[in-house]
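Structural characterization, general
Residues per chain are reported as follows:
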Amino acid sequence: MWAIVVKEFRQLRRDRRTVAMLFLLPFLFLIVFGYAASFDVKTVPTVVVGPLATTVAAHLPGQFDVVGVHPADGYTQAFNELRNGKAIIAIVTPASLDARNAQILIDGTELLAARTAITGFSQMKALSSGVPTINQGPGQAYYALKLPTLKVLFNPELRTSVIMIPGLCGIILVFVGTVATALGVVRERQAGTLEQLAVMPFRAWQVFLGKIAPYLLIAVIDMALIVGAGLLVFNVPFRGSVLTFALGALLFLFVTLGVGVLISTVSQTQGQAIQLSIMTLLPQILLSGLFFPLYSMAAGVRWISYVLPMTYFVKVARGVMVRGTPFVALWFPLSMLAVLGAVVFTLSVLRFRRDLAPAGAKDEDGADVAEASA
Amino acid sequence: MSVAAESDVSGAAAGGASGTSMHRAAGEWGVSGLTINYGRRPALVDVTLAVPGGAITAVVGSDGSGKTTLARALAGALKPSAGSVRRPASRRIGYVSAASGVYRDLTVDENLEFTGGAYGLRGAALRERAAQLLTRTRLTDAHDRLAGNLSGGMRQKLAFAMAVLHEPELLILDEPTTGVDPVSRAELWRLIAGAAAAGTGVLFATSYLDEAERASMVLVLNRGRELVGGDPAAIVAALPGAMFTVPVAGRRDGSGSEGDAAAEPGAAEAVLDGREAPYRWRRGADWRVWSPGGAPPAGGTAARVDLSDAVIVASLQAREGAA
Amino acid sequence: MTQSGEMPANGGGASRPASPAPPLVAVRAVTRRFGDFVAVDAADLTVGPGEVVGLLGANGAGKTTLIRLILGLLRPGNGRVRLFGEPPSRRTRRRLGYVPQGLGLWEDLTVTENLEFSADAFAVAAHSTRADAPAATRSARADASAADATARAYGGAEPLDADLRAARDQLVRDLPLGLRRRLAFAAALAHHPDLLVLDEPTSGVDPLARARLWDTIHATVEDGAGALVTTHYMDEAEQCDRLVVMAQGVVIAQGTMRAIIGAATAVEVEADHWEAAFAALDAAGLPLALAGRLLRVPGGDQARVRAALATGAVAARIRIVPATFEETFVTLATARQENS
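The rules behind each value
- Residues numbered from 1 in each chain as written.
- Chains lettered and ligands numbered in written order.
- Predicted model: local features only at pLDDT ≥ 70, side-chain atom pairs only at ≥ 80, totals over all residues.
- Heavy atoms only, no water.
- Helix = DSSP H or I, 4+ residues; strand = E, 2+ residues; numbered from the N terminus.
- Buried < 20%, exposed > 50% of the residue type's maximum accessible area, 1.4 Å probe, protein only.
- Contact = heavy atoms within 4.5 Å.
- Areas by Shrake-Rupley, 256 points an atom, 1.4 Å probe, with all protein chains shown as cover.
- Buried area = accessible area lost by both parts, 1.4 Å probe.
- Salt bridge = Lys/Arg side-chain N within 4 Å of Asp/Glu carboxyl O.
- Pairing = 2+ DSSP bridges.
- Right-handed = clockwise from strand over helix to strand, strands pointing away.
- Phe/Tyr/Trp six-rings, centres within 6.5 Å; stacked < 30°, edge-to-face > 60°.
- Lys NZ or Arg CZ within 6 Å of the ring centre and 35° of its normal.
- Polar contact = N/O pair within 3.5 Å; in protein donor to acceptor, adjacent residues only side chain to side chain.
- Nonpolar A, V, L, I, M, F, W, Y, C, P; charged D, E, K, R; others polar.
- Axes fitted to C-alpha atoms, helices over the stretch in contact; angles between N-to-C directions.
- Expected span 1.5 Å × (residues − 1).
- Core = buried A, V, L, I, M, F, W, Y, C linked by side-chain atoms within 4.5 Å.
- pLDDT = per-residue confidence, 0-100.

This part is about the overall build of chain B. When you go through chain B residue by residue, the secondary structure sums to 9 helices and 13 strands. Of all 323 residues assigned to chain B, the portion counted as buried reaches 52%. Sequence-distant contacts in chain B: of pairs separated by 6 or more residues, those separated by 24 or more amount to 71%. Put simply, chain B shows about 13,600 Å² of open surface, and 51% of that area lies on carbon and sulfur atoms.

In C-alpha cells form, the structure reads like this:
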C-alpha cells in the first residue's frame, strides 16, 4: 500500500493544476468568505429630497450614508435616484412640518441593505411615536428614549466570517474528499492503469486506502490552514473542544471520500466525474444551512438537507468553534455523520472492490462452484 | 511548393479493355523532396514518393516516424518547409485520419449525408451513391445506427465510405486498419483494392509490414527519413548477403512434438552470440541471421529473404551509421 | 489443425514427463455470459512453460473476456480456470506479468518511478505472502528488493536497454511509443513472472523495435516462463509456437500455424491488368485480396475463378498456392459467422 501512496504523491507533485486547486482554493474561499462575501451591511447610501431635506439629513443616524440632499426636488427625483442606482434609500420629506409623515422609498433589489434600512426605520418609528411634534428635530427624539437592552451572544458584532469559516472547512472537505478523489481514481481508470493495479498482487483495500490516503492528508492540512487563518486573521473564536471538532471533521471526511470513490466507480471519464461531483457539491453548499437557515426552508427541501452530511458538519463546526457546544450536546449530528459515513464508505469499498478484482484471495474452488450453479 | 492543378486528362487506364466503366484517369500524385518541420523539429526530411492512380502505395513506420505527417501533407493540410506536393484539388481528395473522423453521435446515414453535403452532393445523387456504398461496405443493415455504437471494423468501413463518397482521385488512409480485426480488415482491404482498381491513387499508412506487402509500392520511414522504398519484391531482391535460420537449442519444437521444454537459461546464446552474428533477431522458435558476406553461421540453414528481413537489416544498418 | 478436446489435468505439461508441474494456464470448458450474450463458450486453452501461445480472433470473438478470466478480473460462469494449478488469486497475480494494449504505465511518473512502483508492488506482495506461497522456483526470485528489481530491469543484456537508462528521469508521457513499450515490458518482467500476458504487444512500433521486443519475449520464455499473446497481425502470429483461434466465443482452431493452415489453398491470379481481373472477380462475389499486383482468392475453387474471369473477358494465369494463415483465419471465422 505504501507503494501506492508514494506513487500518488509523485503524481500529485507533477499535477500542478490539481495541487494549485487543492491548496489555493481554500485561500480563495477564505478571502471570498472572509472579506468580500460579507452579509454585514454597515451603511446604506441614502438621498433626501423635499423642503425639509437638509434638516432630516442632518439628523439621520450613522447607518444612513447620505449621498445626496436635494431640497428643491420631490418624489420623481427620488425615484430616479433609486432607479439609476445612485442610492438604495430615498427619503421624501413633507412640504411642511405640519404635514403628514415623510415618504421613504427603498430599493427592493438590494435585499440585505433594504432589510437593514427597514430595521433602522422601524426603530425610528417606534421611538418617534411618543413624540408629539418633530419641531425639536428628529435627532433629539431618538435620544430622548432608551433602547431596550439587547445582548448578542457568541458573535456580538454579527460578523459573517465568524459563522462562515467553520462552514468553509466543510466546503473544502467536500472539495478535496469528493472532487479530487473522484478525479484521481477516474484518471487511473481512463489511463487503463487501474486494471494494471488490479492484476498486481495488491489487495483491494490496499489500493483503496493507497488511493485515498493522500487526499485524506491534504484535506487535513487544508482544514488546519483554514482554521488557523480563521483564528489568526479573522479572529474567529474557537471556544469548544478541538477533539470534538476533529471527530466531526474526520467522520465528515469519510463520507466525502466515500462519495468521491462512489462517483469514480460510476464515471468513465473525468468530465462525468466532475459533473457528478458538482451535483453533490451544490446542494451541500446551498441546503446545508451554511447560507440559508434550515428553519426558513420549505419542508420538502428541508428533508433534503437532513440527508446531506454537510448539514450535520455545519452544526458541529459552528457549535464547537463559535458557541463552544460541548460534545454531549452534539451527539445527534455526530451520530448522523457516523451513520452516513459507515453507509457511504462501506458502499464505496464494496463497489470499488467489485470494480477492481472480483476474484479475491478467498476465491477457492467452492466459490467457483457456487458461481457456476448460481 | 507547387501544387499541380487538377488534372482531368482522359485516357484509358491500363485495364480499360475490361467491361467496367469505372476506370478514370490515372493521376500521378505524390511528394518530392518533401521536408516538413514542426517548429525546429524536422518531421519529414527530403522524402520523395509517387502515388500513382490505380495503385496502392504503402507508407510504413512507427508512431512518430512521420507517416501521418506525410499523409497530411499530401492531403494539403500541412505546408511543406521544402519540396513539393502534387495533389488534385482538395475536393477531389478523400482522407481518413487515424482518428477516422466519423461523428460518433450521428447515425451512419447522417454521417454520409453530412460528408456528401460537404462535397456538394445532395438529393437523389447522394442517396444513390450512399446506398451503393452501404451495400459495398455491407453497412446497409446498420444505416440508422449511431456510429459510436458500431464495432471498430464497421466504423472504419463507414470512414472509408465517407472518404470515397465523392469519388476522389486520391484517397489517403492513415492507419485505417488499426484496431480492426482480420475479418473486417480483409473487407477493408478489398474495398481499398476496389478503389485502386477503379483508378484512384491510394496512399495507405500502417505500422505493419505484412499489410504493406499487399501494396505495389512501399516506403518505409524511420524518424522522418526514407529507410527503404520501392516495389516490395525489388526491396527484397536488393538485399545483399544472405539470410539464414538457426534453430534455438532447447526451444520446444514449434510443431508441438515432444521437445525439451526445460530450456537451459542462456541456451540460445550458446548457439549464437553477438560477435558471431551481429544481425540476428528472433522469429518464432528460430533465429534469423543475416550474413552480409553470405557466409552461413554455425547451424544455419539458408532462408528466403522477405520484406520484414530487408527492413530490419536496413534499420540495423541505419542505426550503425548513426552511431 | 488440432481441435481442443478433453485433456488430462496437466495437459500443457504433458511434454515434460519428468516434471509433475501443472501447466501455467489451464482453461477448461469455460463459459462466461454477460446477460444473454455468451462471450466465451466452453473454451479450452493451455499455456505451458517454454511456449508462446497466440490468441487470435475477430473483435467480439471473446479474446478479451478470456484474457480477463485468466487474469482473474472476471470469474467464469462454468468451467475452471487454473493458473499454476490454482484458481486465480492474489497469489497467482504475483507470478504474472501483464502488458495491456494501453501499456498500463503511469504517464505522469518517470521511467524510474514506474519501475520502482511495479517492483514495490511485487516485492511487497512477496513479503506479505511468503509464508503461504508455494515453493515456486522462479517466483522465489521475486522476493528481491525494489532496488534490485529496478537494477535488473536496466541491467539486462539487451543492447537497447541503454535507451531506457538514458531516459530514466523523463516522464513517460514524453517518451516515444517504442520506448514506452520497452518500459512496459521491463516493468512486467522485473519480478521474473512465470506467465506473461501480452495484449497486442508490439502495435505502433517499427519493424526493428518489433523484432527486439520479440527477442525479449523469446528470451523470457526460454528462461522457463510461458507467454499468452493476443494479436490481429500476422507479423506477430508467426512468432508464436501455437495459436488459438476464437470466433463468437468458441475456440475454432488451435495448433501451430502450419497445422491450422493445413491443406488450405488459395487461387493466385496473375493478370496483365490486375484492375480488370479484380473487377471481374469482385463482380462474381468471390473472396478476394490484392497482394502487390497479384490477386488471391482464398479457399476459392479454380472453376469459379476461371468462370468469373471468362465472364469479364480477362486473360489471366491462375495457379493454386498454399493459403496464408491470415486467409485461413478469415475463412474459418467467416464460415463460423455464416453457420450461426
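With 35 residues of chain C at the interface, the matching set in chain A holds 33 residues. Carbon and sulfur atoms supply 54% of the area that chain C and chain A bury against each other, a total of about 3,200 Å² over both sides. Applying the counting criterion to the chain C and chain A interface returns 5 salt bridges. Arg14 of chain A serves as the salt-bridge partner of Glu113 of chain C, at 2.9 Å between the closest nitrogen and oxygen.

A word on the pairing of strand S2 (residues 64-70) of chain A. Residues and elements named next belong to chain A. Relative to S2, strand S1 (residues 44-49) is paired through 6 bridges, and the arrangement is parallel. The partner of Val44 across the bridge, within S2, is Phe64. In this fold, the crossover linking S1 to S2 by way of helix H3 (residues 53-59) has right-handed handedness.

What follows deals with the packing of aromatic side chains. The full count for this structure, using the stated rule, is 18 aromatic pairs over all chains. Between Phe202 of chain A and Phe117 of chain C, the aromatic rings sit 6.0 Å apart at their centres with planes inclined by 25°, giving stacked as the arrangement. Pair noted here: Phe202 of chain A is in the loop between helix H8 (193-199) and helix H9 (204-232) and Phe117 of chain C is in helix H3 (residues 111-129), and the two residues belong to different chains. What makes Phe117 of chain C buried here is its relative accessible area of 3%. Judged by centre distance (3.3 Å) and plane angle (0°), the rings of Tyr208 of chain B and Tyr233 of chain C are stacked. Taken together, the residues span two chains, with Tyr208 of chain B in the loop between strand S7 (201-206) and helix H6 (209-212) and Tyr233 of chain C in the loop between strand S7 (226-230) and helix H8 (234-237). Among the aromatic residues, ring-to-ring pairing joins Phe208, Phe254, Phe345 and Phe352 of chain A into one connected group. Over the ring of Trp287 of chain B we find Arg280 of chain B; its NZ or CZ atom is 4.5 Å from the centre of that ring.

Moving on, we get to the interface of chain B and chain C. Across the contact, 59 residues belong to chain B and 59 residues belong to chain C. Taken together, both faces of the contact between chain B and chain C bury some 5,000 Å²; the carbon and sulfur share is 52%. Between chain B and chain C we count 5 salt bridges in total. One salt bridge connects Arg190 of chain B with Asp282 of chain C, and the closest N-O pair in it is separated by 2.9 Å. The interface formed by chain B and chain C includes 18 residue pairs in polar contact (both at pLDDT 80 or more). No other element matches helix H5 (residues 182-197) of chain B, which puts 9 residues into the side of chain B that touches chain C. When the residues that make up the side of chain B that touches chain C are grouped by side-chain class, the tally is 24 nonpolar, 18 polar and 17 charged.

Another aspect to go through is the sheet that holds strand S11 (residues 289-291) of chain C. What holds strands together in a sheet is hydrogen bonding between their backbones, with the strands either parallel or antiparallel. Residues and elements named next belong to chain C. With antiparallel pairing, 4 strands are arranged side by side in an open sheet as S11-S12-S10-S13. At either margin of the open sheet sits one strand with a lone partner, and together these are S11 and strand S13 (316-322). If you compare each strand with its neighbour and ignore which way they point, the axes differ by 30° on average. The strands that helix H10 (residues 274-283) touches are strand S10 (265-271), S11 and strand S12 (294-298); relative to S12, the one it contacts most, it runs at about 20°.

Once that is clear, we can look at helix H11 (residues 270-287) of chain A. All names here are of chain A. Counted at 1.5 Å a residue, the expected span for H11 with its 18 residues is 26 Å, and the 26 Å between its end C-alpha atoms agrees. All buried positions along H11 are accounted for by Ala273, Ser277, Leu281, Gln284, Ile285 and Leu287. Taken together, the buried residues of H11 touch helix H7 (160-191), helix H10 (242-266), helix H12 (299-307) and helix H13 (309-323).

It is worth spelling out the nonpolar core at this point. Among soluble globular proteins, nonpolar side chains are generally buried collectively. One finds Val25, Leu45, Leu66 and Leu195 of chain C to be the most contacted residues of the largest nonpolar core, which totals 107 residues. Among the elements that line this core, the one with the most residues is H7 of chain A, at 17 residues. The contact partners of Val25 of chain C, leaving out residues within four places of it in the chain, are Leu45, Thr46, Val47, Ile70, Arg82, Leu83 and Leu195 of chain C. Ranked by size, the runner-up nonpolar core spans 67 residues in total, among them Val60 and Phe204 of chain B together with Val267 and Leu286 of chain C.

All names here are of chain B. The share of residues in chain B with pLDDT of 70 or more is 83%, and the mean pLDDT across the chain is 82. Overall, residues 1-26 carries pLDDT values under 50, and its contacts beyond four positions in sequence, including any with other chains, amount to 43 contacts. This model gives residues 253-270 a pLDDT under 50, and the stretch forms 22 contacts once residues within four places in sequence are excluded.

A separate point is the environment of Leu290 of chain C. Turning to its location among the elements, Leu290 of chain C is positioned in strand S11. Sequence separation between Leu290 of chain C and Trp274 of chain C is 16 residues; the distance between their C-alpha atoms is 8.9 Å.

A separate point is the pattern of salt bridges. This structure, assessed with the given rule, holds 36 salt bridges over all chains. Here Arg282 of chain B makes a salt bridge to Glu222 of chain C, at a shortest N to O gap of 2.7 Å. Of this pair, Arg282 of chain B sits in strand S11 (residues 280-283) while Glu222 of chain C sits in helix H7 (residues 207-222), on two different chains. Where Arg242 of chain C meets Glu51 of chain C, a salt bridge forms, and the shortest distance between an N and an O atom there is 3.0 Å. Within this pair, whereas Arg242 of chain C is found in strand S8 (residues 242-247), its partner Glu51 of chain C is found in the loop between strand S2 (37-47) and strand S3 (52-57), the two being separated by 191 residues in sequence. Each member of the pair, Arg242 of chain C as well as Glu51 of chain C, is classed as buried. What emerges from the salt-bridge pattern is a single network uniting Arg10, Arg13 and Arg14 of chain A together with Glu113 and Glu116 of chain C.

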